[in-house]
Amino acid sequence: VGHCHPDIVKAAHEQNELLNTNSRYLHDNLVDYAERLSKTLPEKLCTFYFLNSGSEANDLALRLARQYTEHEDVIVLDHAYHGHLTSLIDISPYKFRNLEGQKEWVHVAPVPDTYRGLYREDHEDSVTAYADEVKNIIEHAHERGRKIAAFFAESLPSVGGQIIPPAGYFQKVAEHVHKAGGVFIADEIQVGFGRVGKHFWAFQLQGEDFIPDIVTMGKPIGNGHPLACVATTKEIAEAFAATGVEYFNTFGGNPVSCAVGLAVLDVIEKEHLQAHATEVGNFLMKILKEQQNKHPIIGDVRGCGLFIGVDLIK
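The structure displayed is predicted, hence computed values, not measured ones.

Re the packing of aromatic side chains
Scanning the model with the defined rule gives 15 aromatic pairs in all. Judged by centre distance (6.5 Å) and plane angle (10 degrees), the rings of Phe48 and Phe50 are stacked. The exposure classification of Phe48 matches that of Phe50, with both residues buried. Between the aromatic rings of Tyr169 and Phe170, the centroid separation amounts to 5.7 Å while the plane-to-plane angle is 45 degrees, which identifies the pairing as tilted. Just as Tyr169 is buried, Phe170 falls in that class too. Among the aromatic side chains, those forming a connected cluster through ring pairs are Phe151, Tyr169, Phe170, Phe184, Phe203 and Phe210. Seen from the ring of Trp105, Arg66 lies directly overhead, with NZ or CZ sitting 4.4 Å from the centre.

Here's the deal with the environment of Asn20
Counting through the fold element by element, Asn20 comes out in the loop between α1 (6-18) and α2 (28-38). A relative accessible area of 42% means that Asn20 is categorised as partly exposed. Residues Asn20 and Val111 lie 91 residues apart in sequence; the distance between their C-alpha atoms is 43 Å. For Asn20, the contacting residues outside a window of four places in its chain are Asn254, Pro255 and Val256. Here Val256 takes part through its backbone nitrogen, which lies 3.4 Å from a polar atom of the side chain of Asn20.

Notes on the sheet that holds strand β7 (residues 228-232)
In spatial order, the strands read β1-β7-β6-β5-β4-β2-β3; together these seven strands make up an open sheet with mixed pairing. Two strands in the sheet have a free side with no partner beyond their single neighbour: β1 (47-51) and β3 (106-109). For this sheet, the mean angle separating the axes of adjacent strands, direction not counted, is 20 degrees. As paired strands, β1 and β7 are joined by five bridges and run antiparallel to one another. Across the sheet, residue Thr47 finds its bridge partner in β7, namely Thr232. Packing against the sheet, helix α3 (residues 54-69) makes contact with β1, β2 (73-77), β4 (148-154), β5 (183-187), β6 (214-217) and β7, and its axis sits at approximately 165 degrees to β6.

As for unusual backbone geometry
Most peptide bonds take the trans form, and the phi angle of most residues other than glycine is negative. Here the phi dihedral of His79 falls at roughly 70 degrees; this positive angle occurs in a residue that is not glycine. Checked against the element boundaries, His79 lands in the loop between β2 and α4 (86-89). Using a relative accessible area of 40% as the deciding quantity, one classes His79 as partly exposed. One non-glycine residue, His272, lies in positive phi territory at about 50 degrees.

Things to note about the pattern of salt bridges
Inspection of the entire model under this criterion finds 16 salt bridges. Between Asp7 and Lys270 there is a salt bridge, and its shortest N-O distance comes to 2.6 Å. One end of the pair, Asp7, is in helix α1; the other, Lys270, is in helix α9 (residues 255-270), with 263 residues separating them in the sequence. The exposure class assigned to Asp7 is partly exposed, which follows from its relative accessible area of 27%. Using a relative accessible area of 53% as the deciding quantity, one classes Lys270 as exposed. For Lys44, the salt bridge goes to Asp213, with nearest N and O atoms at 3.6 Å. Of this pair, Lys44 sits in the loop between α2 and β1 while Asp213 sits in the loop between β5 and β6, and the two are 169 residues apart along the sequence. We classify Lys44 as partly exposed; its relative accessible area is 36%. The class for Asp213 is buried, based on a relative accessible area of 8%.

Criteria and thresholds
- In this convention, every chain numbers its residues from 1, walking through the sequence in written order.
- Where local features are concerned, this predicted model is filtered to residues with pLDDT of at least 70; where side-chain atom pairs are given and counted, the filter is 80 or more; whole-chain, interface and lining totals use all residues.
- Note that water and hydrogens are dropped before the side-chain values are worked out from all heavy atoms of the structure.
- Centres within 6.5 Å are what make two rings of Phe, Tyr or Trp a pair, Trp counting through its six-membered ring; a difference in plane orientation under 30 degrees is then read as stacked, over 60 as edge-to-face, and the rest as tilted.
- Think of it in three bands: with a 1.4 Å probe and only protein chains considered, a residue is buried below 20% of the maximum accessible area for its type, exposed above 50%, and partly exposed in between.
- Counting as a charge over the ring demands two things of the Lys NZ or Arg CZ atom: a distance within 6 Å of the ring centre and an angle within 35 degrees of the ring normal.
- Only DSSP runs of H or I reaching four residues or more are called helices, and only runs of E reaching two or more are called strands; each is numbered from the N terminus.
- In what follows, residue pairs with any heavy atoms lying within 4.5 Å of each other are defined as contacts.
- Residues adjacent in sequence count toward polar contacts only when both atoms are side-chain atoms; beyond that, a polar contact is any pair of N or O atoms within 3.5 Å, and within protein one must be able to donate a hydrogen and the other to accept it.
- By definition, two strands form a pair when at least two bridges between them are found by DSSP.
- Orientation is described by lines fitted to C-alpha atoms, with helices fitted over the stretch in contact, and by angles between N-to-C directions that extend from 0 to 180 degrees.
- Salt bridge, as used here: a side-chain nitrogen of Lys or Arg that lies within 4 Å of a carboxyl oxygen of Asp or Glu.

Right, dumping it as C-alpha cells:
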C-alpha cells in the first residue's frame with residue numbers, strides 16, 4: 001500500500017504504545033484480523049495461523065499437508081521458489097539445482113507456460129496436457145511406493161517467469177492430487193492482496209469452482225512489517241492439532257502485527273487499490289504491447305493487474 005503509509009505507521013505506533021505481547025496472551029486484534037481476512041476467502045478456508053514471514057508460512061503449510069495426509073512427497077513446478085528455509089529450498093527447483101540437488105520426495109512438474117513451455121498456445125488442449133504431466137508424476141511416484149502429500153504452487157509462478165496458468169489447470173491438477181490423497185497448496189505470498197486486480201487472490205483467476213486446501217500469505221500482508229499467514233480448512237487444522245503438539249509462534253499474531261494487518265486491509269479498501277491495480281495494469285499492458293509491435297526482441301507480454309512479465313527473446 002506504499003512506503004511508510006501514514007495509516008500503517010499510525011496503527012503500529014498506537015498499538016505499540018498500548019500493548020505488545022506474545023500470542024500466548026489473548027488479544028482481540030488476532031481474532032478481529034482473522035475474521036477480516038476470512039471475509040476475503042472462500043468459506044472453507046476458515047482456520048488461520050499467523051507467522052512472521054512467507055518462508056515460515058510455506059514451511060507450516062508443508063507440515064500441515066504431511067500431518068493431514070500422512071504422506072511425505074511434494075509436487076512442485078519447475079523454476080519455483082518458495083522460501084529460504086531448508087525445507088523450502090528442497091521444494092524450490094530455482095534453488096536446489098544449484099545446491100544439493102533434488103530430494104527423492106520431491107517431484108518437478110513442467111510450468112504451465114503456454115508461451116515457451118512444453119504445450120503452447122497452438123496446442124489443442126494445453127490445460128489437460130499440463131495437468132496430465134502431474135497425473136503421470138503421481139503414477140510414477142506410486143509405482144515406486146511413494147505417496148503424495150501436496151501439490152505446492154504459486155497461484156501465478158513469479159520467479160518462474162510471471163506465468164499465467166491457463167484457466168482450469170488448477171482444477172484438473174487438484175482432481176489428480178486429491179485422488180492420490182494429497183492436498184493443494186496455493187502460495188499467494190507474491191501475488192495475493194489484490195495485486196491481480198480483478199480478484200483479491202490470484203487463485204480466483206482459475207474460476208469460482210477452484211478452492212485450494214491451504215493458502216499461504218506474506219510480503220504485502222504487512223506492508224513491510226514482518227507478518228504472514230496460513231489459511232486452511234477445519235479438517236486439516238484438526239488433524240494438525242490431533243498430534244497434541246500445539247503450534248506456537250512467539251511473534252506470529254502479536255497485537256502490533258495484527259493492527260498493521262488490519263490497517264493494510266483498510267487502506268486497500270479505502271483507496272480502492274484493487275481497482276487501481278486493474279486500471280494501471282491495463283494501461284501498462286497496453287503500452288508494453290505497443291512496444292512489442294515495434295521491437296522484435298519482445299517475444300511476449302503477459303500479465304494480470306500489476307503482475308506483468310515481458311519475455312525477451314533472441
